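Given next are the chains, with one letter for each unit.
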Amino acid sequence: MLEAIDKYAGGVFNPDDVRILVAAFDDASQSLLASGITFESDRESNALPDTLAKYIIEQARHGERDQHRLRDGALLQYAQSNLKSKPRK
């Protein structure tokens, strides 16, 4: 997550903000792993951290600092993006 903050945020967050973002990211990642999520490919698995981080950083840029709302929003965004990208069988 710290790499993503450097990559996408350009140093706009103070240390307290960074702690909140990292905690939200960790919570979202752990929630997904605890859910038993499976990935269809390595590409999908490798994209997960970047997807979560981008959402959390973007919302924080707009002023959100609530760790739980950041986590929940990242999980919702991830679920919605997967629904859009998966073909129906």
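Residues numbered from 1 in each chain as written. Predicted model: local features only at pLDDT ≥ 70, side-chain atom pairs only at ≥ 80, totals over all residues. Heavy atoms only, no water.

### Observations concerning the overall build of the protein chain
In terms of helices and strands, the protein chain carries 4 helices and 0 strands. The helix and strand sequence of the protein chain, counted from the amino end, reads α-α-α-α. A total of 89 residues make up the protein chain; the buried ones form 31% of that total. Summarising the internal contacts of the protein chain: among those between residues at least 6 apart in sequence, 67% fall at separations of at least 24. Per element, the accessible surface of the protein chain, about 6000 Å² overall, is 50% carbon and sulfur. (Helix = DSSP H or I, 4+ residues; strand = E, 2+ residues; numbered from the N terminus. Buried < 20%, exposed > 50% of the residue type's maximum accessible area, 1.4 Å probe, protein only. Contact = heavy atoms within 4.5 Å. Areas by Shrake-Rupley, 256 points an atom, 1.4 Å probe, with all protein chains shown as cover.)

### With respect to the pattern of salt bridges
In the structure shown here, the tally under the stated rule is 5 salt bridges. A salt bridge links Arg19 to Asp16; the shortest N-O distance between them is 2.3 Å. Of this pair, Arg19 and Asp16 both sit in helix 2 (residues 15-34), 3 residues apart, roughly one helical turn. For Asp16, a relative accessible area of 48% puts it in the partly exposed group. For Asp50, the salt bridge is made with Lys54, and the minimal N-O distance between the two is 3.6 Å. One end of the pair is Asp50 and the other is Lys54, both in helix 3 (residues 42-61) and 4 residues apart, which spans about a single turn. Using a relative accessible area of 41% as the deciding quantity, one classes Lys54 as partly exposed. (Salt bridge = Lys/Arg side-chain N within 4 Å of Asp/Glu carboxyl O.)

### Section: the packing of helix 2 against helix 3
Between helix 2 and helix 3, the least distance of the axes is 10 Å, while the angle of their chain directions is 140°. Between helix 2 and helix 3, the angle is such that the two are oblique. You can see that helix 2 and helix 3 cross each other, and the crossing is right-handed. Touching Leu21, Ala24, Phe25, Ala28, Ser29 and Leu32 of helix 2 are Leu48, Pro49, Leu52, Ala53, Ile56 and Ala60, all from helix 3. Of the residues assigned to the contact of helix 2 with helix 3, the class counts are 11 nonpolar, 1 polar and no charged. (Axes fitted to C-alpha atoms, helices over the stretch in contact; angles between N-to-C directions. Parallel < 35°, antiparallel > 145°, perpendicular 65-115°, else oblique. Left-handed = near helix turned anticlockwise from the far one by under 90°. Nonpolar A, V, L, I, M, F, W, Y, C, P; charged D, E, K, R; others polar.)

### Things to note about helix 2
Taking 1.5 Å of rise per residue, the 20 residues of helix 2 would be expected to cover 28 Å, and the 28 Å separating its terminal C-alpha atoms lies within 8% of that figure. Inspection of helix 2 places Asp17, Val18, Leu21, Ala24, Phe25, Ala28, Ser29 and Leu32 among the buried residues, and these make up the whole buried set. The buried residues of helix 2 occupy an angular sector of 130° when the element is viewed end-on, so they sit on one face. In this structure, helix 2 carries Pro15, Arg19, Gln30, Leu33 and Ala34 as exposed residues pointing more than 90 degrees from its buried face. Directly beyond the C-terminal end of helix 2, a positive phi value near 85° is found at Gly36. (Expected span 1.5 Å × (residues − 1). Arc of directions from axis to C-beta.)

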